[in-house]
Amino acid sequence: MEKKYLIYVACGSAAASASLARRRLIDALNARNIDAEIEIHRITELPGQIEARKPDVVIIAAGQTPASIPENILVVKGIPLMTGFGIDKLVDDMLTFLKNKEG
Amino acid sequence: MQFVQSILNLGPTIMMPIVLFIMALIFRQPVGKSLRHSILVGVAFIGINAVLGAVLSTIGPAIQALGQAMGIEALGTDIGWGLASAITWSFSWAGLIIPVGFVINWIVLLLGWTKIFDADIWNYWHWTFTAAMTYIWTKNLYLAFSLAIVVEIITLKLGDWTSPVTQKYFDIPGTALPHTETVNLAPFNFAIEKAFLSKIPGLQKSKLDPESIQKKVGFWGEPMMLGLYIGVILGVLVWLVAGQPATIILQMGIAVPAMIYLEGRMIGILIDGLMPIVDGVRDVFQKSERFKGREILIGIDAGPIGLANPTSVVVGMVGMVIYLLLTLLFPSFFKIMPLADLAIVPIYYMFAAAASKGNLVKTLINGTITSVLVLAVTSSFAQPLTEAAKLVNYALPAGMLLVSSVDVGAHILPWLIVMPVVGIVTGQPTMIIAPAIIGVLWVLCWIYAHDMPQKLADELEKEK
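Residues numbered from 1 in each chain as written. Chains lettered and ligands numbered in written order. Predicted model: local features only at pLDDT ≥ 70, side-chain atom pairs only at ≥ 80, totals over all residues. Heavy atoms only, no water.

Moving on to the overall build of chain A. Along its length, chain A carries 4 helices and 4 strands. Counting helices and strands in the order they occur from the N terminus, chain A gives β-α-β-α-β-β-α-α. Taking 13 Å as the expected radius of gyration for a compact globule of 103 residues, we find that chain A reaches 13 Å, a close match to that expectation. When the backbone C-alpha atoms are referred to their principal axes, chain A occupies close to 35 × 30 × 20 Å. Expressed as a percentage of the 103 residues in chain A, the buried residues total 58%. Element-wise, carbon and sulfur atoms account for 50% of the exposed surface of chain A, whose accessible area totals about 4,700 Å². One way to put it: in chain A the 13 positive side-chain charges average out to a point 3 Å from where the 13 negative ones average out. (Helix = DSSP H or I, 4+ residues; strand = E, 2+ residues; numbered from the N terminus. Rg over C-alpha atoms; globule rule 2.2 N^0.38 Å. Buried < 20%, exposed > 50% of the residue type's maximum accessible area, 1.4 Å probe, protein only. Areas by Shrake-Rupley, 256 points an atom, 1.4 Å probe, with all protein chains shown as cover. Lys, Arg positive; Asp, Glu negative; His and termini not counted. Charge placed at Lys NZ, Arg CZ, Asp CG, Glu CD.)

Structure representation (structure tokens):
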């Protein structure tokens with residue numbers, strides 16, 4: 001069985017736009033038959049949430065990346081999830097990286 | 001025709017899903033996806049109405065009583081941007097703004113007047129709001145749509161103008177922020193920085209690091225927790241000043257965070273429901289060959305960008321206190337108690353933050369100057385917004401005389417355009433004076449500060 005990834009989507013508000021980003025990510029992952037658990041967090045809460053569950057990927061949907069994310073976690077700039085343009089490339093690159101890491 | 005009218009009369013809960021479903025099909029989205037998301041929109045409207053009824057029956061009368069104890073006949077409540085936008089989406093013609101806004105954006109792009117394709121469909125509500133306010137005062141739908149289009153085009157131009165610095169400072173390459181209620185403060189913010197703040201020697205070096213402050217604040221600064229503090233503070237005031245039982249402190253301490261938290265959730269559902277339209281608009285744009293090879297910036301929502309910017313967030317927390325104090329000190333002038341939108345005050349400081357490249361003190365001074373205007377416009381739009389809420393049958397509790405939202409008040413550009421036109425059309429010259437003076441000042445600031453966004457972007461590039 002393939003590993004189920006844990007992905008954090010982070011932005012400033014964890015409300016309106018984050019749910020749009022989350023929905024877009026889910027759709028893109030479903031289209032590739034990838035099963036993943038996605039959580040939305042506010043950027044300020046990231047350090048604590050990363051310690052708590054250790055996600056495979058952190059996607060920064062909006063704004064600056066906080067300096068304090070551990071190096072072994074993949075950080076992706078998620079602007080495509082905000083704009084709607086370039087989502088396929090973002091998701092493909094992310095999955096390639098994750099597979100290589102396991103392999 | 002009678003059938004159509006009777007559906008329109010059923011209100012947004014029924015009408016919006018139908019309108020959006022048809023629109024999604026026109027944009028060639030799959031039937032199943034369109035249906036599912038359209039239903040979500042109806043669900044969201046029911047949720048919004050439920051939240052409104054549940055929290056306002058506590059908050060509204062308490063604020064009203066506080067106002068009366070302070071000698072103000074009607075102290076209104078800030079119901080938040082979510083509810084305010086839901087009210088403006090509730091007009092039978094509101095959904096039309098989406099295709100109209102899209103076509104106008106397309107034309108303006110073709111003419112080469114803008115580089116922006118605005119993919120932030122949800123925030124087309126800024127133009128809907130412009131139309132709604134015009135409509136309430138004039139009942140003229142053509143005029144309402146015309147002014148909405150004018151506001152859209154100017155907002156796109158503001159997005160173009162600010163894009164060099166917003167891409168660099170907020171780290172969002174390839175995008176622009178044609179987001180009316182934030183970017184329309186930029187002419188003032190950039191002019192204030194250029195004319196005054198950049199010339200005061202003591203202010204240029206700030207030792208405070210916003211990121212470490214923000215980290216220390218942690219979850220104590222999340223919107224729901226802010227609601228708790230605001231609710232408790234106002235509850236104490238209602239108890240002491242208006243002489244209500246002390247239990248009001250506990251009631252407000254739950255009702256205000258509930259309003260902020262639940263409103264955010266309901267709008268999340270509504271935005272999820274708009275997905276097919278958002279995707280449809282994007283697909284049409286993506287498939288078009290017309291703009292290939294041209295530099296295009298994608299317009300996105302400025303809200304989450306501002307709320308992710310440490311300087312704006314840290315300064316915004318001080319800003320919330322300033323908003324409350326200003327209203328408590330001058331209630332007869334500001335007329336609306338800031339409440340739900342206090343959680344997003346940081347976004348009204350984000351262009352002040354960009355203008356100073358993140359200098360905390362300069363951001364606070366600059367953003368507070370423009371915030372006074374935001375509060376004044378909040379009260380100026382209160383009466384038509386309240387009327388709109390009643391017109392579309394929102395469940396305002398009995399005895400609630402006035403509602404508005406700070407975010408509505410941040411719509412400075414719509415205010416500058418709508419007020420003078422309405423004043424002329426309805427023969428109320430007194431409506432024209434303040435917006436005309438501020439409008440001239442706004443234009444002069446834009447001209448004076450026209451070089452700022454590029455200059456700041458160049459400086460940020462060098463500092464890297």
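Residue and element names in this part refer to chain B. Counting through the fold element by element, threonine 114 comes out in the loop between α5 (97–110) and β2 (116–118). A polar side-chain atom of threonine 114 sits 3.1 Å from the main-chain amide nitrogen of isoleucine 116. A polar side-chain atom of threonine 114 sits 2.6 Å from a polar atom in the side chain of aspartate 160. Those residues within four positions of threonine 114 in sequence are excluded, and the remaining contacts are Asn105, Val108, Leu109, Leu156, Asp160 and Arg294. (Polar contact = N/O pair within 3.5 Å; in protein donor to acceptor, adjacent residues only side chain to side chain. Contact = heavy atoms within 4.5 Å.)

This part covers the confidence of the model for chain B. Looking at chain B as a whole, the pLDDT averages 92, with 100% of positions reaching at least 70. Taken element by element, the predicted model of chain B shows its lowest mean pLDDT in helix α1 (residues 2–8) of chain B (76) and its highest in helix α9 (residues 186–195) of chain B (98). (pLDDT = per-residue confidence, 0-100.)

With 28 residues of chain A at the contact, the number on the chain B side is 37 residues. Taken together, the two surfaces of chain A and chain B that pack against each other cover about 2,600 Å², and 63% of this comes from carbon and sulfur. Per-residue buried area on chain A facing chain B is highest for Arg23, Gln64 and Phe85 of chain A; these three make up 24% of the total on that side. Inspection of the region where chain A meets chain B yields 2 salt bridges. (Buried area = accessible area lost by both parts, 1.4 Å probe. Salt bridge = Lys/Arg side-chain N within 4 Å of Asp/Glu carboxyl O.)

All names here are of chain A. The strand order β2-β1-β3-β4 describes an open sheet built from 4 strands, whose pairing is parallel. The two strands at the open ends of the sheet, each matched to only one other strand, are β2 (36–42) and β4 (74–77). Ignoring strand direction, the axes of neighbouring strands in this sheet form an average angle of 25°. When strand β3 (residues 57–60) meets β4, the two strands line up parallel, connected through 4 bridges. Looking across to β4, one finds that valine 57 is bridged to leucine 74. (Pairing = 2+ DSSP bridges. Axes fitted to C-alpha atoms, helices over the stretch in contact; angles between N-to-C directions.)

Counting 179 residues, the largest nonpolar core has Ile7 and Leu29 of chain A together with Phe117 and Phe190 of chain B as the members making the most contacts within it. At 12 residues, the largest contribution of residues to this core is made by helix α3 (residues 31–69) of chain B. Apart from the residues lying within four places of it in its own chain, the contact partners of leucine 29 of chain A are Ile7, Ile34, Ala36, Ile38, Val91, Met94 and Leu95 of chain A. Core analysis: the second largest hydrophobic core is formed by 11 residues, Tyr8, Ile43, Leu46 and Val58 of chain A among them. (Core = buried A, V, L, I, M, F, W, Y, C linked by side-chain atoms within 4.5 Å.)

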